[in-house]
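Descriptive analysis of the structure
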Amino acid sequence: MLHKFPSLASPEVLEGSIIIDETSLEPNLSIAAEMVDLPARQQLLLSLAGNPPDVPLQARITGPNGETLVLYNVTNTLFSSTTVTVSTGNHTLEIKNAGSRPVTVSGALLISPIGQQDDGSIENDDVLHETRLKLQLFAGTLDWIITMFS
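The sections below set out a description of the structure shown in this document.

About the cut-offs
- Residues numbered from 1 in each chain as written.
- Predicted model: local features only at pLDDT ≥ 70, side-chain atom pairs only at ≥ 80, totals over all residues.
- Heavy atoms only, no water.
- Helix = DSSP H or I, 4+ residues; strand = E, 2+ residues; numbered from the N terminus.
- Buried < 20%, exposed > 50% of the residue type's maximum accessible area, 1.4 Å probe, protein only.
- Contact = heavy atoms within 4.5 Å.
- Polar contact = N/O pair within 3.5 Å; in protein donor to acceptor, adjacent residues only side chain to side chain.
- Salt bridge = Lys/Arg side-chain N within 4 Å of Asp/Glu carboxyl O.
- Pairing = 2+ DSSP bridges.
- Axes fitted to C-alpha atoms, helices over the stretch in contact; angles between N-to-C directions.
- Core = buried A, V, L, I, M, F, W, Y, C linked by side-chain atoms within 4.5 Å.

Take unusual backbone geometry next. Most peptide bonds take the trans form, and the phi angle of most residues other than glycine is negative. For the bond from Asn51 to Pro52, the omega torsion is 5°, close enough to zero to count as cis. A positive phi is found at Asp37, a non-glycine position, where the angle reads about 55°. Along the chain, the position of Asp37 falls in strand β3 (residues 30–38). What makes Asp37 exposed here is its relative accessible area of 60%. Even without a glycine there, the phi angle at Arg41 is positive, about 65°. Looking at where Arg41 falls in the secondary structure, it is placed in the loop between β3 and β4 (43–51).

Structure below.
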């Protein structure tokens, strides 16, 4: 099940973010959720975990006009990555089971204010590394966060 996370904790990161709460996906099926009114040059952090972890997933983020912003072919989870929006508007995250067995998917697509510059770039490699570590830790505590704020 996909959740639009309420602004109960860390509003600058969680408000408007997408949380994936242990959603079961059969082969070739997908789930999708939309982030509304994102500005251009906004950094997004994606983290995915699958159970079993070796079932391949495909994660696609599309922009306001349906153009693919990024497409990830994930062959082993825990997976995390960052991207930056190109244009202002609604963005969609779609997660597809690209494998031949069912998989349970958890994860998040977060809006990141950390290290963001006006041109959408990251301030430095240390900030990017710290941001990815925080995202991986966040993915590992999704159950706790969802339980606390549900």
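We now examine the environment of Arg101. Among the secondary structure elements, Arg101 is positioned in the loop between β8 (89–97) and β9 (103–112). Residues Arg101 and Pro52 lie 49 residues apart in sequence; the distance between their C-alpha atoms is 9.1 Å. Leaving out residues up to four positions away in the same chain, Arg101 has contacts with Leu25, Pro27, Pro52, Asp54 and Val55. Within the structure, Arg101 has its side chain in polar contact with the side chain of Asp54 (distance 2.5 Å).

With that out of the way, let us pick up the pattern of salt bridges. Enumeration according to the criterion identifies one salt bridge in this entry. Asp54 is paired through a salt bridge with Arg101; the nearest N and O atoms lie 2.5 Å apart. Of this pair, Asp54 sits in the loop between β4 and β5 (57–62) while Arg101 sits in the loop between β8 and β9, and the two are 47 residues apart along the sequence. Classification of Asp54 as partly exposed rests on a relative accessible area of 45%.

This part takes up the pairing of β9. Counting buried residues in β9 gives nine out of 10 residues, a clear majority hidden from the surface. Two elements, strand β2 (residues 18–25) and β9, share six bridges in a ladder whose sense is antiparallel. Bridging across to β9, Leu25 finds its partner in Val103. Note that β4 and β9 share nine bridges and pair antiparallel. Across the sheet, the residue bridging to Gln43 is Ser112, located in β9.

On to the sheet that holds β5. The sheet built from four strands is open, its strands ordered β3-β8-β5-β6 with antiparallel pairing. The strands lining the two open edges of the sheet, one partner per strand, are β3 and β6 (68–74). Neighbour to neighbour, the strand axes of the sheet diverge by 10° on average, direction disregarded. The pairing of β5 with β6 spans six bridges and is classified as antiparallel. Bridged to Leu57 within β6 is Val74.

Formed by 24 residues in total, the largest nonpolar core has its most connected members in Ile20, Leu46, Leu48, Leu93, Ile95, Val105 and Leu109. Here Val105 is in contact with Ile20, Asp21, Glu22, Thr23, Leu25, Leu48, Ala49, Leu57 and Ile95, once residues within four sequence places are set aside.

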